[in-house]
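Each chain is listed here by its residues.
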Amino acid sequence: MRSNIFAILLVCFFPLTVYPQKGEEKVKVSVTILPVAGFVENVGGERVEVMVMIPPGANPHTYEPAPEQLKRLSESRLYVKVGSGIEFELSWLDKLISLNPQMYICDASRGIELIYPDSAGSKCERCGRRADPHIWLSPLKAMKMVENIRDALIEVDGGGREYYSRNSEDYIERLRKLHKYIKKRLKDLKGETFMVFHPAWKYFAREYGLKEKAAESEGKSLTPAELISLITYAKKNGIDKIFVSPQFNRKSAEVIAGEVNARVVSIDPLAKDYIENLAEMADILAGDRK
Ligand SMILES: [Zn+2]
């Protein structure tokens, strides 16, 4: 009798013990980019082990996976793709799936409205009608991505349902706070344009009523004529900083900055610590961080 009561007590007090038991395998998850690795770790916590295909500092528009990554990929139960048309996924995902056909594929962009380039302009003729892939840089879209990741984790590891749900709620709450913070910081900048070298920040800009003016498109280096037109633009619009990502050469940005007396500011669209990174972007735009 006594041992029965003990068993009941155990069940009552530890119904949510969902960490993997000793020796139990973690769910191996592969993802394309670091911010998504951060999302998966926040939702999956102790139950998952995450591998990122595009390592820190590598360019997601051109990176090719290393052989040992392909080996680890073949052990993954879940692959989280951004799903918005990143070059790496367009050229590699089919191959990755053929290496591991059992792997469950989560499309993190499911339910997210993509931004397509304007139909006018020679630049867009070059890039065709492909969507802008950088969806994760809007915190509201990131919330949706986190929900998609939660659903996929539950799909492959139903035992963690409550754990994943709770974690995703917590993280979405943090993203909501981040969104409020950025909104407040940028409220006086509505309608203003910021200049970036690589066009990664359009979803972010749109969310907060700003405009992104990008120097390059499709990773091509600038022609002298493009450079001059950007310098003219920057002068006319009082551009005082030019954002560069660490994955790209900052040389042309420095040329433009030198001509118009602006600063070159480095910010990483692929930082893993998503919340801190976007808050920093807002602080820099608001003008109180170098
Ligand atoms: Zn990019």
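Residues numbered from 1 in each chain as written. Predicted model: local features only at pLDDT ≥ 70, side-chain atom pairs only at ≥ 80, totals over all residues.

1. Some thoughts on the overall build of the protein chain
When you go through the protein chain residue by residue, the secondary structure sums to eleven helices and eight strands. Within the protein chain, the proportion of its 290 residues that are buried is 35%. Sequence-distant contacts, at least 24 apart, represent 64% of the contacts inside the protein chain between residues at least 6 apart. (Helix = DSSP H or I, 4+ residues; strand = E, 2+ residues; numbered from the N terminus. Buried ≥ 20, exposed ≤ 12 C-beta atoms within 10 Å, placed from the backbone. Contact = placed C-beta atoms within 7 Å.)

2. As for the pairing of strand S1 (residues 27-31)
Residues in a regular strand point their side chains to alternate faces of the sheet. Of all five residues that make up S1, four are buried, and the element is covered over most of its length. Direction of pairing for S1 relative to strand S2 (residues 48-52): parallel, over a ladder of five bridges. Across the sheet, Val27 pairs through a bridge with Val48, a residue of S2. In this fold, the crossover linking S1 to S2 by way of helix H2 (residues 34-44) has right-handed handedness. Sheet analysis places S1 next to strand S3 (residues 78-81), joined by three bridges and oriented parallel. From the neighbouring strand, Ser30 faces S3, where its bridge partner is Tyr79. (Pairing = 2+ DSSP bridges. Right-handed = clockwise from strand over helix to strand, strands pointing away.)

3. What about helix H9 (residues 224-236)?
If you check H9, its first and last C-alpha atoms are 18 Å apart, about what 13 residues at 1.5 Å a residue would give, namely 18 Å. Phi turns positive one or two residues past the end of H9, at Gly238, with a value near 60°. (Expected span 1.5 Å × (residues − 1).)

4. A look at the sheet that holds S1
Strand pairing in a sheet takes place through backbone hydrogen bonds and is either antiparallel or parallel in direction. Pairing within the open sheet is parallel, and its four strands lie in the order S2-S1-S3-S4. In this open sheet, the two strands that pair with only one neighbour each are S2 and strand S4 (104-107). Neighbour to neighbour, the strand axes of the sheet diverge by 25° on average, direction disregarded. On top of the sheet, H2 reaches S1, S2 and S3; it is set at about 180° to S2, its chief contact. (Axes fitted to C-alpha atoms, helices over the stretch in contact; angles between N-to-C directions.)

5. As for the sheet that holds strand S7 (residues 241-244)
Strand order in this open sheet of four strands is S6-S5-S7-S8, and the pairing throughout is parallel. Two strands in the sheet have a free side with no partner beyond their single neighbour: strand S6 (211-214) and strand S8 (263-266). Mean inter-strand twist for the sheet, computed between neighbouring axes without regard to direction, equals 35°. Across four bridges, strand S5 (residues 193-196) lies against S6 in parallel orientation. Counted as the bridge partner of Thr193 is Lys211 from S6.

6. A short note on the pairing of S4
Sheet topology places S3 next to S4; four bridges connect them, and they run parallel. Within S4, the residue paired with Tyr79 across the bridge is Ile105. You can see the chain leave S3, run along helix H4 (residues 87-99) and come back into S4, and the turn it takes is right-handed.

7. A few points about the environment of Lys213
Of note, Lys213 is situated in strand S6. Given 16 C-beta atoms within a 10 Å radius, Lys213 is considered partly exposed. Sequence-distant contacts of Lys213, defined by excluding residues within four places in its chain, comprise Thr193, Met195 and Tyr233.

8. Considering the confidence of the model for the protein chain
Predicted confidence across the protein chain gives a mean pLDDT of 89, with 86% of residues reaching 70 or more. The low-confidence segment residues 9-17, where pLDDT is below 50, has one contact with residues more than four positions distant or belonging to other chains. Considering only residues more than four positions removed or in separate chains, one finds that residues 119-126, a stretch of pLDDT under 50, has six contacts. (pLDDT = per-residue confidence, 0-100.)

9. Focus on unusual backbone geometry
At Asn261, a position not held by glycine, the phi torsion is positive, near 60°. Mapped onto the elements of the fold, Asn261 is located in the loop between helix H10 (251-260) and S8. With 10 C-beta atoms counted inside 10 Å, the residue Asn261 sits in the exposed group.

10. Description of the nonpolar core
Nonpolar side chains tend toward joint burial in soluble globular proteins. Within the largest apolar cluster, 70 residues are counted, with the highest numbers of intra-cluster contacts made by Val31, Val36, Val40, Val80, Ile149 and Ile242. Looking at which domains feed residues into this core, each of domain 1 (26-180) and domain 2 (186-286) supplies at least three. Every residue in contact with Val36, bar those within four places of it in the chain, is listed here: Val31, Val80, Val82, Ala108 and Trp136. (Core = buried A, V, L, I, M, F, W, Y, C linked by C-beta atoms within 7 Å. Domains from an automatic or database assignment.)

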